[in-house]
Amino acid sequence: MSKNESYLVALSQKHPHKLEALRPYAIEHEVPIIHPLSLDMVKQLIRIHQPKHILEIGTAIGYSAMHFASVDPDIRITTIERNDDMYQQAKQNIADYGYQEQIEIIFEDAREAFDAVGDRQLDMIFIDAAKAQTKKFFELYTPLLKTGGLVVIDNILYHDFVADIDVVRSRNVRQMVKKIQKFNTWLNDNEAYHTNFLDIEDGLAIAVKGESK
Ligand code: SAH
Ligand code: MG
């Protein structure tokens, strides 16, 4: 973490949200929950954009979904998780923190969950699951997104590797990083979206859906 990031993280954690009780657990068990400054950015986007319905891909323990829900009691979130252990924990956490009315979890692989999501009209999509599949998720679910809606994608700079793939030794990681590079280029070239790519923590992309042509 850079000095600037450490400073801002310390500043933002001065008055921690009650959900921050979950962060030490996530770190200890290596659950890759969203980094703090990226989370602050996404929550601020939610305050500005005021989405009514958010689709999240990649629930893990329900941490980010509950944070998003905490912005406004009228927000409804559909979140998709394929791992049974994560799904069970998310269900428990969402009940413990009292967000059952706002958050619905679909226990399925997001590549196969289109019918379960159904004909919901989405104002925002947060993509944070298997990084090699981001483009698939984007193509599958953005038809449900309203014009002017947001797609936010986490980890687009994955561990500083996306900008510097030569340091990556592992073949599998290399493959994944290449897919992220491809996705970033594809999204940047996609004229149906206005996208900006942010160098915050593990990287965040914010794409706004334009008028369909
Ligand atoms: N958004 C969470 C973190 C998600 S971690 C937070 O910030 O708090 C990524 C999660 O995506 C993992 O729990 C993993 O099991 C899940 N996942 C990965 N690929 C998936 C897929 N194809 N369908 C559904 N869930 C997936
Ligand atoms: Mg993430």
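Structure shown above.
The present account deals with the structure reproduced in this document. (Residues numbered from 1 in each chain as written. Chains lettered and ligands numbered in written order. Predicted model: local features only at pLDDT ≥ 70, side-chain atom pairs only at ≥ 80, totals over all residues. Heavy atoms only, no water.)

We now examine the pairing of strand 3 (residues 103-107). Strand direction decides the pairing type here: strand 2 (residues 76-81) and strand 3, joined by five bridges, are parallel. The residue of strand 3 that forms the bridge with Ile77 is Ile103. Following the chain from strand 2 across helix 5 (residues 84-96) to the adjacent parallel strand 3, one finds a crossover that is right-handed. (Pairing = 2+ DSSP bridges. Helix = DSSP H or I, 4+ residues; strand = E, 2+ residues; numbered from the N terminus. Right-handed = clockwise from strand over helix to strand, strands pointing away.)

Running from N to C, helix 7 (residues 134-141) and helix 8 (residues 171-189) point in directions that differ by 35°, and their axes come no closer than 9 Å. Contacts between helix 7 and helix 8 involve Thr134, Lys135, Phe138 and Glu139 from the first element and Phe183, Trp186 and Leu187 from the second. (Axes fitted to C-alpha atoms, helices over the stretch in contact; angles between N-to-C directions. Contact = heavy atoms within 4.5 Å.)

Here we come to the sheet that holds strand 3. Taken in spatial order, the seven strands line up as 3-2-1-4-5-7-6 in an open sheet, and their pairing is mixed. Strands with a single pairing partner mark the edges of an open sheet, and in this sheet they are strand 3 and strand 6 (193-198). On average, each strand axis in the sheet is tilted by 15° relative to the strand beside it, whichever way the strands run. On the sheet, helix 5 packs against strand 2 and strand 3 and is oriented at approximately 165° with respect to strand 3. Sitting on the sheet, helix 8 is in contact with strand 5 (145-154), strand 6 and strand 7 (204-209), with an inclination near 135° to strand 6.

A few words now on the layout of surface pockets. Of the pockets and cavities examined, the largest pocket occupies roughly 1000 Å³. Around the largest pocket, the lining is made up of 40 residues, and of these Pro32, Asp128, Lys131, Asn155 and Tyr158 lie nearest the centre. Grouping the amino acids of the lining of the largest pocket by side-chain chemistry returns 18 nonpolar, 10 polar and 12 charged. (1 Å grid on protein atoms, 1.4 Å probe; cavity = no way out; pocket = protein on both sides within 12 Å on 5 of 7 lines; lining within 4 Å. Points joined across faces, edges and corners; volume = space filled by probe spheres on them. Nonpolar A, V, L, I, M, F, W, Y, C, P; charged D, E, K, R; others polar.)

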